[in-house]
Amino acid sequence: MSLSLTVNGDHLTSAADPVTPLVDVLREESYLTGAKPVCREGFCGACMVLIDGNPTPSCLMPVALAQGYDIRTVEGLAVNGGLNPIQAALEASDAVQCGMCFPGMVVSLTHLLTTCPEATRDDIRAALTGNICRCTGYERIIEATLLALATK
Amino acid sequence: MSDASATMNFGRRDAADKLRGRTRYTIDRYLPGMLHAAVLRADVPSGRIARLDIAKAARMPGVRAIVTAADAPGMVGIGIADHPLFARDVIRYDGEPIAAIAADTLIQARAALAAIDVEIEPLPVVLTMADALAPDAPLVHPDWRNYEVLLEGGARGGNVAWEATVVRGDVDTAFARPDVEIIESSFRVGRQNHVAFEPRAVIASYEDERFHIETSTQVPWSVRNATARLLAVPASQVRVTVPPVGGGFGLKFDIAIEPFAALLARASGRSVRLVNSREEEMLTCLFRENAEIRIRSAVTRDGEIAGREAVVLMDCGAYGGEQIFLTTMTAHTLGGNYSLGAVRLVSRAVYTNTAPNGAFRACNGVYNTFALERHTDEIAARIGMDPLAFRRRNVLGDGDLGATGQVFEGDVLGPMLDRMDTMRDAAAMPPERADGRLYGRATAVGTWFVFVGPSAATVNMNADGTATLVTSGVEIGSGSMMQALPQIVAGALGLSPNDVIVRAADTDAAGYDVGVGGGRTTVSLGAASLSAAQEVRTKLLKVASEMIEAAPEDLVMRSGRIEIAGAPGSGRLISEVAARAQGQIGPISGTGAFTGAGVPAMPGCVAGHFIDAIDIPVFAVHDCEVAVDTETGHVEVLSYRVVQDVGRALNPRAICGQIQGGVVQGLGYALHEEVTIGSNGRVCQNGFETYRVPLALDVVPVEINLYEGAPSIGPLGTKGAGEVPILNVAAAVACAIADATGKPIRELPLTPPRVLELLLDQRSTLSLPHIAEAWTDNLVRPHSAGGSN
Ligand code: FES
Ligand code: FES
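About the cut-offs
- Residues numbered from 1 in each chain as written.
- Chains lettered and ligands numbered in written order.
- Predicted model: local features only at pLDDT ≥ 70, side-chain atom pairs only at ≥ 80, totals over all residues.
- Heavy atoms only, no water.
- Helix = DSSP H or I, 4+ residues; strand = E, 2+ residues; numbered from the N terminus.
- Rg over C-alpha atoms; globule rule 2.2 N^0.38 Å.
- Buried < 20%, exposed > 50% of the residue type's maximum accessible area, 1.4 Å probe, protein only.
- Contact = heavy atoms within 4.5 Å.
- Areas by Shrake-Rupley, 256 points an atom, 1.4 Å probe, with all protein chains shown as cover.
- Lys, Arg positive; Asp, Glu negative; His and termini not counted.
- Charge placed at Lys NZ, Arg CZ, Asp CG, Glu CD.
- Pairing = 2+ DSSP bridges.
- Core = buried A, V, L, I, M, F, W, Y, C linked by side-chain atoms within 4.5 Å.
- Salt bridge = Lys/Arg side-chain N within 4 Å of Asp/Glu carboxyl O.
- pLDDT = per-residue confidence, 0-100.
- 1 Å grid on protein atoms, 1.4 Å probe; cavity = no way out; pocket = protein on both sides within 12 Å on 5 of 7 lines; lining within 4 Å.
- Points joined across faces, edges and corners; volume = space filled by probe spheres on them.
- Nonpolar A, V, L, I, M, F, W, Y, C, P; charged D, E, K, R; others polar.
- Axes fitted to C-alpha atoms, helices over the stretch in contact; angles between N-to-C directions.
- Parallel < 35°, antiparallel > 145°, perpendicular 65-115°, else oblique.
- Left-handed = near helix turned anticlockwise from the far one by under 90°.

Engineer: When you look at the overall build of chain A in this model, what are you seeing that I'm missing?
Structural biologist: A tally of helices and strands in chain A yields five helices and five strands. The helix and strand sequence of chain A, counted from the amino end, reads β-β-α-β-β-β-α-α-α-α. For chain A, the C-alpha radius of gyration of 15 Å lies close to 15 Å, the compact-globule estimate for 152 residues. Summarising its shape, the C-alpha atoms of chain A cover approximately 50 × 30 × 25 Å along the three principal directions. When each of the 152 residues of chain A is scored for burial, the buried share is 55%. Sequence-distant contacts, at least 24 apart, represent 57% of the contacts inside chain A between residues at least 6 apart. A total accessible area of about 5700 Å² is found for chain A, and carbon and sulfur atoms account for 54% of it. Charge-centre separation for chain A: the mean point of 9 positive side chains lies 6 Å from the mean point of 16 negative side chains.

Here's what the structure looks like:
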């Protein structure tokens with residue numbers, strides 16, 4: 001049986017076991033290694049992808065259930081080949097350290113930026129509870145998000 | 001050179017790809033035809049392997065190779081070689097490796113693990129340091145006497161893997177003085193898990209009779225040497241390269257799973273990928289060690305510390321590892337803050353049947369600083385002195401002696417305390433202060449050091465005007481490799497840091513290096529890189545002087561040009577000079593090397609130390625305000641301020657990012673990160689659900705002041721800045737909570753239930769009966785110096 005997925009606008013087929021987590025199929029079959037399987041429990045957000053526009057941990061989603069949806073990974077979030085506004089703000093704010101949490105952060109914050117243009121500092125902090133960062137202490141990430149909201 | 005040109009807020013060149021998800025960490029590498037490996041781990045804390053039969057597993061589908069203890073004869077360690085790669089006959093901790101399998105898929109490898117026939121007979125278990133130090137305790141290493149000793153001088157015996165002592169002056173006499181109060185405090189802290197986001201991961205290949213190990217490590221040369229030792233092959237047969245590393249914090253400062261993959265690659269003739277599962281990381285992560293501490297001081301009523309003694313027990317788990325080295329640090333973290341009349345300290349690494357512990361950001365320092373600062377507040381309370389005034393009176397200043405008799409240079413901590421006063425006074429009072437919760441505040445001081453040691457660097461000048469820096473340094477996220485080093489090289493050569501290419505670590509290409517950790521990258525690798533760049537500069541100026549017809553000393557390098565000083569726009573592009581040189585005399589390159597000079601301790605004062613005194617002390621002052629909810633025990637941090645001694649800030653923004661991140665990691669340690677070990681010897685927190693690291697909602701922005709100008713032998717006056725930010729956090733938070741609640745705080749983390757128990761006086765007093773009443777009764781080998789016995 002073959003599975004059919006739409007990832008970053010491309011159609012892909014996969015022969016994976018239907019219960020394989022989406023993150024593993026993305027990484028091992030499509031070499032889309034942006035999504036990181038860090039906790040595999042849905043807690044850290046490093047594997048976050050957009051499923052029909054909604055941030056979703058791809059470690060908890062069996063690949064079979066992802067069929068028929070528009071899947072966007074961090075690799076698909078660039079704008080005209082460049083950084084999107086939140087990526088650009090994160091870069092400008094010198095937010096990145098080891099970087100492992102950022103693909104998931106970028107996915108969540110890209111969503112926040114489009115759905116919640118009035119977000120306050122506290123909204124951002126609340127929105128980030130599903131995305132853990134072990135390195136940065138979050139402050140630069142929050143600053144960058146405020147910057148991206150302000151310059152949007 | 002005008003070294004001001006090295007200071008800037010140069011952004012990270014690796015950021016854009018990390019933000020796009022393009023950066024390929026070790027876990028993201030998939031080689032064609034590679035195999036997947038898994039490790040069989042013991043599920044008992046102590047036992048004897050009665051039978052180990054791999055025949056059935058070897059016939060399982062997809063299996064290409066199985067390796068066991070028979071394939072890895074060597075032993076590794078720091079100070080003593082006590083650690084084999086696989087359990088040999090004896091299991092010493094839950095999770096200890098027994099065998100490793102490589103198969104076509106990970107699922108096949110895991111299935112084959114289950115088919116290994118292993119029978120383990122249980123042996124007696126020691127799970128705590130109290131158990132381990134009990135008379136007649138079973139020995140974790142019954143044949144400890146037979147191990148190869150790699151560094152002479154530490155005392156050992158029974159379950160004491162290593163013991164380091166400091167004795168300076170006559171403590172007994174100080175304690176017998178009629179004019180002193182004697183204050184005693186005991187503390188206990190648990191383990192902390194690094195939770196580096198990238199688990200330890202490796203891909204190994206075996207080609208032309210050499211191993212190639214691509215690994216997520218902070219210490220490529222240590223991995224090279226330790227792998228060779230375990231496999232009993234010459235170190236020259238091992239090449240280690242390091243892709244971008246997804247977080248280290250000290251977790252990756254030791255060999256990990258690399259030798260398994262190397263053995264499997266040799267056995268199978270294929271590349272082998274091995275990645276720890278999150279559960280494996282949680283259970284065997286080389287935690288920050290749990291520790292038990294007793295400190296006793298003799299203090300006069302006007303605040304002079306006449307004498308101090310301390311016993312520090314550090315749980316090393318089943319193997320000595322980093323703890324052996326870290327026993328050294330107690331001398332500096334407990335003895336490097338305050339002026340002490342007489343002092344004696346003993347630091348003991350104790351074997352237990354638990355997963356081995358290792359290095360973690362400001363290792364040994366965070367809990368000793370917590371203990372020392374809580375003890376300091378208790379002293380101030382006893383003698384009726386303001387805690388800040390007591391600190392100011394006693395912090396080490398210019399010419400003062402540290403515990404080991406080291407003479408400290410410069411007044412640093414005193415002016416840093418003044419600066420904190422200014423910051424505090426300027427701050428607005430937090431609005432939450434009057435909402436019925438208990439309010440507390442504290443200021444804590446801390447001393448850390450830069451772990452110097454050998455580093456090498458080569459700078460190759462390219463004909464296009466760029467320079468390539470080749471070192472064994474690793475970018476683990478701090479920015480030292482991506483920001484500080486290119487800035488240093490660029491500053492010396494008048495280039496933009498964008499024109500300095502930083503070569504990823506490769507032990508075949510770059511010289512020896514101790515590794516990235518201990519705040520040493522900017523200092524040791526920076527010094528080696530600076531001297532390599534200066535050699536390039538000298539050679540380029542010589543060639544340029546012929547081209548420009550001016551003496552080399554009249555030339556400057558700036559903005560990509562070599563010009564006559566004072567005549568901007570004169571001279572030639574560096575690329576022209578480099579191209580000319582390449583054609584005339586061959587490509588220009590320079591090499592540099594560095595190691596710490598070593599600072600003497602007072603003769604006869606220390607025993608068993610790897611570092612008797614510290615080359616580059618680093619100081620920090622932290623201040624925080626907390627609100628404690630009396631109904632739930634929840635602690636909210638209202639404000640946090642840091643004054644950090646950075647020597648010279650090459651990239652202030654990068655340093656401030658490190659401080660914010662380090663403080664938050666410290667808040668986790670202080671308030672909720674807790675590792676516990678069950679009666680079965682297994683770590684109870686096996687994932688993110690049970691081990692709670694700080695979330696965005698838990699943290700506050702840290703107000704930061706970088707203190708520059710303290711003496712440093714680092715290049716351009718720098719000191720390491722990434723390690724120190726976590727040092728005082730638990731101390732500051734615990735002291736603030738004690739201030740708020742009026743309760744004695746003896747343990748970390750200060751989780752809501754624990755704080756509630758304190759508030760309700762339900763927390764029983766901490767007793768550590770395995771720390772003997774008389775200091776000297778805590779020694780394997782009585783210390784001869786100091787006249788205190
Ligand atoms: S790996 Fe999916 S949420 Fe952590
Ligand atoms: S930057 Fe390392 S986990 Fe966020």
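Engineer: Explain the sheet that holds strand β2 (residues 47-53) of chain B here, please?
Structural biologist: Within a beta sheet, neighbouring strands are joined by backbone hydrogen bonds and run either parallel or antiparallel to one another. All names here are of chain B. Here three strands make up an open sheet; going across it, the order is β7-β2-β9 and the pairing antiparallel. In the strand order of this sheet, the two ends are held by β7 (90-91) and β9 (117-122), each with one partner. Of the pairings in the sheet, the one linking β2 to β9 comprises six bridges and is antiparallel in character. Residue pairing across strands places Asp53 opposite Asp117, the latter belonging to β9.

Engineer: Before we go on, may I ask you to explain the nonpolar core in this structure?
Structural biologist: Inside soluble globular proteins, nonpolar side chains tend to come together where they are buried. Residue and element names in this part refer to chain B. The biggest cluster of nonpolar side chains holds 252 residues, and the ones touching the most others in it are Leu493, Leu540, Ile562 and Tyr640. If you tally residues by element for this core, the top one is helix α15 (residues 521-548), at 14 residues. Setting aside residues no more than four positions away along its own chain, Leu540 makes contact with Met461, Met557, Ile562, Ile574, Val577, Ala578 and Ile588.

Engineer: Sorry, what's going on with the pattern of salt bridges here?
Structural biologist: Working definition: two side chains of opposite charge can pair if their charged atoms are close together. Residues and elements named next belong to chain B. Using the criterion set out here, one finds 69 salt bridges over all chains in the structure. Residues Arg270 and Asp104 are paired through a salt bridge, measuring 3.9 Å at the closest nitrogen-oxygen approach. Within this pair, whereas Arg270 is found in the loop between α7 (258-268) and β17 (272-275), its partner Asp104 is found in the loop between β8 (97-103) and α3 (106-114), the two being separated by 166 residues in sequence. The exposure class of Arg270 is partly exposed, given its relative accessible area of 29%. The residue Arg392 makes a salt bridge to Asp421 at a minimum N-O spacing of 2.8 Å. Of the two residues, Arg392 sits in helix α12 (residues 387-394) while Asp421 sits in helix α13 (residues 413-426), which places them 29 residues apart along the sequence. Within the structure, one salt-bridge network assembled from shared partners comprises Arg392, Asp418, Asp421, Arg424, Arg441, Asp623, Glu625, Arg641 and Glu703.

Engineer: What should I look at first to understand the confidence of the model for chain B in this one?
Structural biologist: Where the model shows low pLDDT, its predicted coordinates should not be examined in detail. Of the residues in chain B, 98% reach a pLDDT of 70 or more, and the chain-wide mean stands at 95. The ipTM, which scores confidence in the relative placement of chains, is 0.98 for this predicted complex, and the corresponding pTM is 0.96.

Engineer: Honestly, empty space enclosed by the protein in this entry has me stumped. Any pointers?
Structural biologist: If a probe the size of a water molecule is rolled over the atoms, the empty space left behind becomes visible. If you walk through the whole model with that rule in mind, you get five cavities of 30 Å³ or more. Every element with two or more residues in the lining of the largest cavity is listed here: α9 (321-326), β21 (438-450), α14 (480-493), α15 and α17 (652-671) of chain B. Looking at the lining of the largest cavity residue by residue, the classes come out as 22 nonpolar, 19 polar and six charged. Of the volumes computed, that of the second largest cavity is approximately 50 Å³. In this structure, the second largest cavity is lined by Asp94, Val96, Gln97 and Arg140 of chain A together with Arg12, Gly477, Ser478, Gln483, Ala654, Gly657 and Gln658 of chain B.

Engineer: Before we go on, may I ask you to explain the sheet that holds strand β31 (residues 635-647) of chain B in this structure?
Structural biologist: Residues and elements named next belong to chain B. The sheet built from four strands is open, its strands ordered β21-β30-β31-β32 with mixed pairing. The sheet terminates laterally at β21 and β32 (702-708), the two strands that pair on one side only. Across this sheet, the average inter-strand angle for adjacent strands is 15 degrees, counted without regard to direction. Of the pairings in the sheet, the one linking strand β30 (residues 616-628) to β31 comprises nine bridges and is antiparallel in character. In the strand pairing of β31, Asp623 is matched with Arg641.

Engineer: Can you help me understand the interface of chain A and chain B in this one?
Structural biologist: Quoted interface sizes are often the accessible area lost when the parts come together. On the side of chain B, 51 residues touch chain A, which itself brings 47 residues to the contact. Remark: the boundary between chain A and chain B carries four salt bridges. Ionic pairing is found between Arg27 of chain A and Asp28 of chain B, a salt bridge with its closest N-O pair at 2.9 Å. Counting residues per element, the side of chain A that touches chain B draws most heavily on helix α2 (residues 85-92) of chain A, which supplies four residues. Taken together, the residues of the side of chain A that touches chain B break down into 24 nonpolar, eleven polar and twelve charged.

Engineer: Looking at this structure, how should I read the packing of α2 of chain A against helix α3 (residues 102-115) of chain A?
Structural biologist: The axes of two packed helices give the description: the angle between them and the distance between them. All names here are of chain A. Look at α2 against α3: their axes get within 9 Å of each other, and the N-to-C directions meet at 125 degrees. On the basis of their axis angle, the class for α2 and α3 is oblique. The two elements α2 and α3 meet at a crossing, and its hand is right-handed. Across the interface between the two elements, Pro85, Ile86, Gln87 and Leu90 of α2 pack against Phe102, Val106, Leu109, Thr110 and Leu113 of α3. Residues belonging to the contact of α2 with α3 are distributed by class as follows: seven nonpolar, two polar and no charged.

Engineer: Looking at this model, I keep getting lost on the pairing of β2 of chain B. Mind explaining?
Structural biologist: Two faces belong to every sheet, and in a regular strand the side chains alternate between them. With two bridges joining them, β2 of chain B and β7 of chain B adopt antiparallel strand pairing. Residue Gly47 of chain B lies in a different strand from β7 of chain B, and its bridge partner there is Ile91 of chain B.

Engineer: Explain unusual backbone geometry to me, please; I cannot follow it from the model alone.
Structural biologist: Of all residues except glycine, most have a negative phi; of all peptide bonds, most are trans. All names here are of chain B. Cis geometry is adopted by the peptide bond preceding Pro749, which originates at Leu748 and carries an omega value of -5 degrees. Structurally, Pro749 can be placed in the loop between α18 (729-741) and α19 (752-759). The phi torsion at Asp89 lies on the positive side, around 65 degrees, for a residue other than glycine. Relative to the helices and strands, Asp89 resides in the loop between β6 (83-84) and β7. On the basis of relative accessible area, Asp89 is assigned to the exposed category, the value being 52%. Phi is positive for Ala362, which is not a glycine, with a value near 55 degrees. Assignment of secondary structure puts Ala362 in the loop between β20 (342-351) and α11 (365-383).

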